[in-house]
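# Coordinates in review
Here is what each chain is made of, one letter per residue.
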Amino acid sequence: MPGKHAKYVQRKITVPDIERAKMSLMNPAFIQQKIDERTVDEAAKPVIETMLREGIETVWDRFEQQQPPCRYCSEGISCNRCAMGPCRIIPEHYRVRGVCGADADLIVARNLLDTIATGAAAHSDHGREIIETLYKTAIGEAQGYEITDLEKLKRIAGEFGFETEGQSTEEIARQVSLALLEEYGTIKNFIQFTARAPQQTQEVWDAAGIRPRSVDREIVDAMHRIQMGVGADYTTMLAHGLRTALGDGWGGSLMATEISDVMFGTPTINQSWVNLGVVKKDQVNISLHGHNPVLSEMIVRAAEDPGLLDLAKSKGAAGINLVGLCCTGNELLMRKGIPQAGNHFNQELLIATGALEVMIIDYQCIFPSLPRTASCYHTHIVSTSPKSKVPGSLYYGFYPETAIDTAKEIIRLAIENFPNRNPDKVLIPADPMKVVTGFSVEAIQAALGGTFKPLVDAIAAGTIRGAAGVVGCNNPKVKHDYGHVTLGKELIKRDILLVETGCAAIASGKAGLLRPEAAKLAGPGLREICETLGIPPVLHMGSCVDCSRILVLAAELAKTLGVGIHQLPIAGAAPEWYSQKAVSIASYFVASGVYTVLGPMPKITGSGNVVHLLTEGLNDVVKASFAVEPDPVKAAELIDRHIGDKRTALGI
Ligand code: SF4
Ligand code: MSK
């Protein structure tokens, strides 16, 4: 296979802290303290213990090695943007401007705009690849793909004014995919899907001058502004950050979600399992890690191939077990009920179960060090995207034209690797936790009887006080899953319905909050609604790009109520965020009118003006703002108070 390269040969992983941990084996209290500091995920704990004892490095070890962090970088007042620098703002040493003359406000705003644009680009480029696959499917050049949700495809065609009557499915798909690809650089000066927002929200954008003109244009404009000698006013830099993020939320991400639904099916409510216990001792285990369902959907199909199942049996395996990780996993869990091994900080631990034959990665949120971890086991890391070739992995370039063939080749590699498993190293640490998933906007609407009115009525009556979108990642600055789970429990207790995506949703799943039985942890109103409908109090809405589903849901609720999104008793939260993508998500939530509370502090504290603008000033611009609260109990109080204020303003 062209481009493939040999598996990384790993020297023994040794780092001082790990060595200390190994030496402390005689001190079980040391090991226990480390585990307790690191996670609340019960299935993860025995695996972390094994990795500590074996001296296998994890994200937590690397985090400890990086302490203490640079103060200037942490506050956002270091700049490495041009060759006159690097520069730092150190007021106590009279260094109040970089070499070019940029002050703290500008340096902080410029760094933040860079971060937002990076996140928006990642989501949107992912969306573009899915649309390109739809186009190739339409013209007969993609192998194994089909159009699954024709109704949604026609609905989108209608939004662009295309006639679908009498047209073949392929022709509609061709027209829609070309129209969506054009949205990346459209000259009509607005992104079509922004028209899905309530009129009042669109008016806010137009008054602020932040309705996105096209996906790529706002990202390129952001890159232009952060070039030395362009953007000089922190306020316009931040306003452009909101515009860029809106191009992600109502553009790149929403297109990714919609076309993934068209191709692979709009999720419906279904049941599955999560945590590291989904790995099976007697089967060939393959994990799918990353974000893009274009690859993983084909792996799912290829894994059903009778020839491959026979091959697995001939190697002594009872079958082929696919498990998800991060957002590729979320996509499969939502649509296919494929079990999910965990979220971001479970990726190294999954390898350390010793029972994983292959970890397939596409892109985003993948630790570049995974081959180092895998070298301690028999696991192969298989990278598949030319954008994300990881040194030490086996590279199988994945392209829609040869999708099924490549998928089968990777599965064959996993099967051939099964006999190399060392049974003495296998550690399947827990029984899997049941989850109910698949809450697309359409599935929620169907569960409510075809209209959002019952939900709006329940909110108006106060049975449900409001809703919160809890999203985002894991970050070693927060104990793994503690922020998500604590915030979730605190909010449902207050009769606030949760909609979740990404690693937040999986944290809730592992903690049992995605089961209808979790209704007993909710306040009386929410509990009653959940028990009547047989749904959990925390609804899993999908992957990171599916935060766009939360926007669409908010838009539908606002339209049903006849208000702008900013008037709804809703909020957003990202208690353990780490990624640039999460910054873009939080920014498009706020720009769409959703008050959003972050856990870890963004790198902005070096500018009081920027902090003030983001936490207060934006209320005058987009009628919503950010807050930062690392303590999830206090974050719940902030959200509760905000929802109370919005209810009062609505007179409900
Ligand atoms: Fe320094 Fe200005 Fe260059 Fe940044 S852009 S490195 S602040 S001279
Ligand atoms: S995977 S962006 S760690 S949610 Fe989408 Fe999780 Fe955050 Fe990645």
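Predicted model, so just to flag it, every value in this text is computed and none were measured. (Residues numbered from 1 in each chain as written. Chains lettered and ligands numbered in written order. Predicted model: local features only at pLDDT ≥ 70, side-chain atom pairs only at ≥ 80, totals over all residues. Heavy atoms only, no water.)

With that settled, the discussion passes to the packing of aromatic side chains. Under the criterion given, the structure shown has seven aromatic pairs. Relative to Trp250, the ring of Trp205 has its centre 5.6 Å away and its plane inclined at 65°; by these criteria the two rings are edge-to-face. Of the two residues, Trp205 is situated in helix α9 (residues 199–208) and Trp250 in helix α11 (residues 234–264); the sequence distance between them amounts to 45 residues. What makes Trp250 buried here is its relative accessible area of 0%. Ring plane angle 70° and centroid distance 5.8 Å describe the contact between Tyr588 and Phe589, whose orientation is recorded as edge-to-face. We note that Tyr588, like Phe589, is buried. Ring-pair connections join several aromatic residues into one group, and the members of that group are Trp60, Phe345 and Phe367. Over the aromatic face of Phe367 sits the side chain of Arg62, whose NZ or CZ is 5.4 Å from the ring centroid. (Phe/Tyr/Trp six-rings, centres within 6.5 Å; stacked < 30°, edge-to-face > 60°. Helix = DSSP H or I, 4+ residues; strand = E, 2+ residues; numbered from the N terminus. Buried < 20%, exposed > 50% of the residue type's maximum accessible area, 1.4 Å probe, protein only. Lys NZ or Arg CZ within 6 Å of the ring centre and 35° of its normal.)

On to the domain arrangement of the chain. How large an interface is tends to be reported as the accessible area lost when its parts come together. By domain assignment, the chain separates into domain 1 (17–55), domain 2 (104–264), domain 3 (276–425) and domain 4 (434–650). Using only C-alpha atoms to locate each centre, domain 3 and domain 4 end up separated by 31 Å. On the side of domain 4, 25 residues touch domain 3, which itself brings 16 residues to the contact. Summed over the three residues of domain 3 that lose the most area to domain 4, namely Met334, Asn343 and Phe345, the buried surface amounts to 41% of that side. For the interface between domain 3 and domain 4, the tally reads zero salt bridges. (Domains from an automatic or database assignment. Contact = heavy atoms within 4.5 Å. Buried area = accessible area lost by both parts, 1.4 Å probe. Salt bridge = Lys/Arg side-chain N within 4 Å of Asp/Glu carboxyl O.)

Tallied over the full model, the rule gives zero disulfides. Cys547 carries a free sulfur, and the closest cysteine sulfur to it, the one in Cys544, is 6.4 Å from it. (Disulfide = S-S within 2.5 Å.)

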